[in-house]
Structure formats: structure tokens, C-alpha cells
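# A closer look at the structure
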Amino acid sequence: AKITFITSDNETIVAEANSGSVMELAKDNNVNGIDGDCGGVCSCATCHVHVAAGDFDKVGAPGEIEADMLELEDNYNEHSRLCCQIDISDAIDGVTLHVVN
Ligand code: FES
């Protein structure tokens, strides 16, 4: 799947992978603002993104633990996800994610 990241300083990075998590893909491509401090176990929220409005249905809603984490974040909104919890598959091909710092 091809994923477009837009950083808070408006850099656009297009990256592609077939498996793993979106957080890992972002790290592999040096996407600024995705730190992944907890290694992808849903406990640090340094992988927060806002899914582009038209893409949210493709990506889907957060799970319960993830939603609890997100609600504590300053920039939480209805399109928030922790991208370590998004698995890469064809289902999310073409989505755009705005990095939240
Ligand atoms: Fe820590 Fe996603 S990498 S919550």
C-alpha cells in the first residue's frame, strides 16, 4: 500500500510497504514527528496522526485502548489514530495521514 504522510512543517512523504505497521513505515522513511517511542505497543502516543477526512473509513476507528490513549492527547479529534495500531494492507492503499506533533 502507498501511504502519504504530511508533516506539521508541510513536508509530503510518500512511502510504500506491504506489511508491518504504519508507524514502522514512517520510521523507515524518516517522517518527522513520528517517534514511535514505545516500539508500537500503544502506550506512548508519539505516533499520533489525523487521517485525511475522506480516508477515515478506509483506515477505521481506533480500538478501545487506543481510543483511551488518544482522548488524553491535546490535538485529539475524530480523525485521530495512533499509527502503530494501523496495519498496512491493500485496504489502506492511497490514504493520506497528517502527522500530529
Ligand atoms: Fe507508541 Fe504508537 S508507537 S503508541
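The name given to the protein in an unreviewed UniProt entry is Ferredoxin, 2Fe-2S, with Reichenbachiella agariperforans as the source organism. Looking at the Sequence similarities (unreviewed entry) heading of the UniProt record, one finds this comment for the protein: "Belongs to the adrenodoxin/putidaredoxin family." Listed under Cofactor (unreviewed entry) in UniProt, the entry text for the protein is "[2Fe-2S] cluster".

### With respect to the overall build of the protein
Along its length, the protein carries three helices and five strands. In the protein, the succession of α and β elements from N to C terminus is β-β-α-β-α-α-β-β. Relative to its length of 101 residues, the protein is compact, with a C-alpha radius of gyration of 12 Å against a globular reference of 13 Å. Here the C-alpha coordinates of the protein stretch approximately 30 × 25 × 25 Å along the principal axes. By the burial criterion, 26% of the 101 residues in the protein qualify as buried. In the protein, once contacts between residues fewer than 6 apart in sequence are set aside, the share between residues at least 24 apart is 63%.

### Section: the pairing of strand β5 (residues 96-99)
Of the two faces of β5, only the one carrying L97 and V99 is buried; T96 and H98 on the other face are not. Pairing analysis gives three bridges linking strand β1 (residues 2-6) to β5, with the strands arranged parallel. Residue pairing across strands places T4 opposite T96, the latter belonging to β5. Both strand β3 (residues 48-51) and β5 contribute to a ladder of three bridges, which runs antiparallel. In the sheet register, V49 faces β5, and the bridge partner there is V99.

### Some points on the pairing of β1
Taking every second residue as pointing to the same face, the buried face of β1 carries I3 and F5, while none of K2, T4 and I6 on the other face is buried. As judged from the five bridges shared by β1 and strand β2 (residues 12-16), these two strands associate in the antiparallel manner. Each residue of the ladder has a partner; that of T4, found in β2, is V14. Linking β1 back to β2 in an antiparallel pair, the connection comprises five residues, with N10 at a positive phi of about 70°.

### Observations concerning the sheet that holds β2
If you trace the five strands from one edge of the open sheet to the other, you get β2-β1-β5-β3-β4, paired in mixed fashion. In the strand order of this sheet, the two ends are held by β2 and β4 (80-82), each with one partner. Neighbour-to-neighbour, the strand axes of the sheet open up by a mean angle of 35°, direction not taken into account.

Cut-off values and rules
- Residues numbered from 1 in each chain as written.
- Predicted model: local features only at pLDDT ≥ 70, side-chain atom pairs only at ≥ 80, totals over all residues.
- UniProt positions renumbered as here; feature names shortened; annotations may be inferred.
- Helix = DSSP H or I, 4+ residues; strand = E, 2+ residues; numbered from the N terminus.
- Rg over C-alpha atoms; globule rule 2.2 N^0.38 Å.
- Buried ≥ 20, exposed ≤ 12 C-beta atoms within 10 Å, placed from the backbone.
- Contact = placed C-beta atoms within 7 Å.
- Pairing = 2+ DSSP bridges.
- Axes fitted to C-alpha atoms, helices over the stretch in contact; angles between N-to-C directions.

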